[in-house]
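Observations on the three-dimensional arrangement
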Amino acid sequence: MNMGFLAIPCTKAAATIMRRNFCCWKRFRVILVSIVVLFVLINIIVTLLPAGRHGPHVGGSGVVAGDLGYNGSNKWPLYADAARYISIEVLSSKDRVRICVDDATVIDDSGPSNNRGMHVVVLNQYTGMVMAQRVFDTYMDDEPLIGFLQRVSNGRIMIFAIKDEASFHLTNEGKRAMQMHVGGGGGGAAAAASRSGSGSTAGGSLWLSELGWRDMWAMVAKHHNNDPEENKEIDVINGRVYGESYSRNPRVVMQHNSKSAASSDSWGTDVLLRVQVPLDVNHSQNNQNDDWCDSWVAAVGSEDNNDDSGDDNGSIIDEEIVIDSQLARRRRFCSRIEGYGDVCSCIHPAPLDFHPSSIPDSNIDRVPVVIIAGNRADYLYRTLKSVLNARGVQQHMVIVHVDGYYDEPVEVARLLGVRAVQHMPAVDDSVNGGGINSNTLRRRRVTQHYKSALTSTFSALFPQADFAIVLEDDLEVSVDFFSFFSQTLPLLAVDDNSIDSNNDGSGSLYCVSAWNDQGYEHTASRPDVLYRVDWMPGLGWMLKRSLYKDQLESEWPTVEKPWDWDMWMRSNKIQRGRQCVVPEVSRTYHFGSSRAVNVNPYFQRTYFDRHAFYNYNNGIKTSFGSNSGGTGGEYEDGGGLIHFKNIDKMTGVAYLKMIEHMIMTEGQIVDHNKWPCRKKQWNELAKNGGIRNNDNSGMQYVGDKDYYQSDSEFFIIEEMMNNDYAMRSKKLFLLYIKMEHPTGDIKDAASVAWTPLAKCLGIWDLDIRGHYKGMWRLYLNQNNQDDGRNAEEEGIPGHSISGAELFIISCPFSHFCKFKPANITAIWFNTNGGGEDDDGGDDML
């Protein structure tokens, strides 16, 4: 009984304890849930806050911007209207650039020999989509970078990163341009004014001005284009920097001349930048960065399809291919691609449809135009615009062949209403074939791409075509480009095997080319004169279908052969002595100075920039009229078309007879007792015009004259004409130089006389090219000197009467060496250091 009594209170006590424990657990659970909710809220708040500025690593010291008191600046304000963010990660290092956006890899460029310089990515500020990727080799030149920045639309998100080195030729102008386009100071009062009073909120790069040799640097910023015309009509979008990271090359030393220099084997440490960037949420139809603008509709006038279906018979554009309206093409392009300036401008949109006039009696309406393209879409845009503006173009016959599956070149072609075909690369650049040089791999790839394009053209796309015109994506063409080929096509159509007694096809033409290798501004000025040459120039050329299908296609180098396609075509085994017809003044202009296998900015300045180029529309690099005899000149309908002289004399036999007749009846032999070049008198020239610049570009400026390649100048004809009135009336001079047959040791054959003479003349001097049977034909301009003749009375343009032709004839190699008088010794250059005579000419051996 006592036990039962005691059990009752024990049971009540246990129940009480259980209730208390349950209440404690409920309190604990509430506290735990509250902590979790609070943690989640804190994370949400932190995530929504804009990322602070990631500070630069300076020489590996670990100093960040916050330590410098910079991160708290109001130069990077909060954005209350931002709906979402994107995460951007940028790696800049000696041999790698990697850029990721929201964990998606945009660029991962590794390897020490590829794509050195400044990597730039442009993102859409509304969607975060990649709109442009570029690499600028600012070790060589920063002009392409400056130009690109000027063409990017307002408000875009810009990502910059360095691989290896980017400062050597990143000039102060280039740095100022980069600062200006991200809202930085760097531009003085004018820059501040152009930012419309944005002041300190614009920000700018903290470290760009200090960027030095092999420093590493990365930056993410909002782009601001300082175009006053655009800013008049739209709200100004100020640039700003979202994040920046920098690492200085630690082994920089001061030279005795106070210039800094770095060890050749040192780089800044890798930098890794991570930022969160707010996307814009305000879409305004007055903003040029939107997908379309009202002014585009006004510019087009209609959204009707441009139903330019080409020829009804045999057109390559079939019924399934629809050519979109200009508006549709522009909207598609501008929503995807960036860096094309006024193409996407709301104020002055560039025209996308071209309507050049026809050419009389055209022979090339059914000749396809094959444009060889790589991943250089901005170059392709310039090329296509010039082609579509040239008189006589048949747009449906123009086709772009893209080497690889690159989207941007195809989009550019589609923008301009041109068909594009993509080819699978035969050579993978990413595979180093057993240690083969990367340039060798790229050459092989280009060579195979040429074959793919030509085979596709003649076999699938245009099986009925008897000819094709071949261009590359870094060439601009003249307004009469198609007229030139129309007039010369009959020469290529007829086999002319009567030129040599030992002919094995050597008399028939190999090609017609729009490029004259030796036609520089000072050696070519008559746009209506044609030459025959023994060299295949390329750079805008026409070939016969039979040549390709019967010979070239089957003999084309296989993928493992390290041939450049053009050098292979110029080899004796392939060319077989056949010749090409070229104009004295080129109808193409080579502008590509970067992203090429064989050309860099220095090479472009030295060998291409000064080429004479016939451009009637712009009136630059152009000459009109001629004083070469015969019929010719502009067509009666004007518009820049030139009627070429003496086409009937361009066959093999007739041209040879014409040149021989000119030598025998008009030729005046120059003084062969001294070398015709002398050292430039820099001091005297400086007195007359002043030396404006003398840099490491290989070009020196004296007064208004540019000198390249050599410190010598050709003087002998000018002196003869000045001192002898009878000589001043002469229009053809003969100079005989020593040269054995160049098919042996070309280097030795050239170095005896040709190379130093070519350097002195400021023309192509890297190999023996541009000659006809061992004779070079140049037209030397004499700076419009008065030669005592009344140009107006004789009906001759005053600018053309002051020139004189120079035939440089190699002996004993040249066919024309037989005209050299016995008392004349072919000159050659003193390579033994013989010094100079008192008259300034080098000794002759």
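Residues numbered from 1 in each chain as written. Predicted model: local features only at pLDDT ≥ 70, side-chain atom pairs only at ≥ 80, totals over all residues. Heavy atoms only, no water.

- The chain has the name Protein O-linked-mannose beta-1,2-N-acetylglucosaminyltransferase 1 in an unreviewed UniProt entry, where Sipha flava is given as its organism.

1. Comments concerning the side chain of D767
- Inspection of the secondary structure assignment puts D767 in the loop between helix 21 (754–761) and strand 31 (775–780).
- We classify D767 as buried; its relative accessible area is 18%.
- In terms of polar contacts, D767 uses its side chain to reach the side chain of W764, at 2.9 Å.
- Side chain to side chain, D767 and R769 meet in a polar contact 2.9 Å long. (Helix = DSSP H or I, 4+ residues; strand = E, 2+ residues; numbered from the N terminus. Buried < 20%, exposed > 50% of the residue type's maximum accessible area, 1.4 Å probe, protein only. Polar contact = N/O pair within 3.5 Å; in protein donor to acceptor, adjacent residues only side chain to side chain.)

2. A word on the pattern of salt bridges
- This model, assessed by the stated rule, comprises 30 salt bridges.
- For D528, the salt bridge identified is with K645, shortest N-O distance 3.0 Å. Within this pair, whereas D528 is found in the loop between strand 17 (509–513) and strand 18 (530–533), its partner K645 is found in the loop between strand 23 (642–643) and helix 16 (652–666), the two being separated by 117 residues in sequence.
- When its relative accessible area of 2% is taken as the criterion, D528 is described as buried. (Salt bridge = Lys/Arg side-chain N within 4 Å of Asp/Glu carboxyl O.)

3. Some thoughts on the nonpolar core
- One finds L384, F482, L552, I659, F714 and W754 to be the most contacted residues of the largest nonpolar core, which totals 134 residues.
- When residues of this core are assigned to domains, at least three map to each of domain 2 (364–430 + 437–619) and domain 3 (651–685 + 711–784 + 800–819).
- Setting aside anything within four residues of it in sequence, one finds I659 in contact with Y772, M775, R777, F807 and F816.
- Judged by nonpolar contacts, the second largest core, of 49 residues, contains I86, W217, M219 and L279. (Core = buried A, V, L, I, M, F, W, Y, C linked by side-chain atoms within 4.5 Å. Domains from an automatic or database assignment. Contact = heavy atoms within 4.5 Å.)

4. Overview of the packing of helix 7 (residues 326–334) against helix 9 (residues 407–415)
- Packing of helix 7 against helix 9 leaves a shortest axis separation of 9 Å and a crossing angle of 160 degrees. Viewed along their axes, helix 7 and helix 9 adopt a mutual orientation that is roughly antiparallel. In the crossing of helix 7 with helix 9, the sense of the turn from one axis to the other is left-handed. Residue-level contacts link R329, R330, R332 and F333 of helix 7 to E411, V412, R414 and L415 of helix 9.
- Here the contact of helix 7 with helix 9 is built from residues that sort into three nonpolar, no polar and five charged. (Axes fitted to C-alpha atoms, helices over the stretch in contact; angles between N-to-C directions. Parallel < 35°, antiparallel > 145°, perpendicular 65-115°, else oblique. Left-handed = near helix turned anticlockwise from the far one by under 90°. Nonpolar A, V, L, I, M, F, W, Y, C, P; charged D, E, K, R; others polar.)

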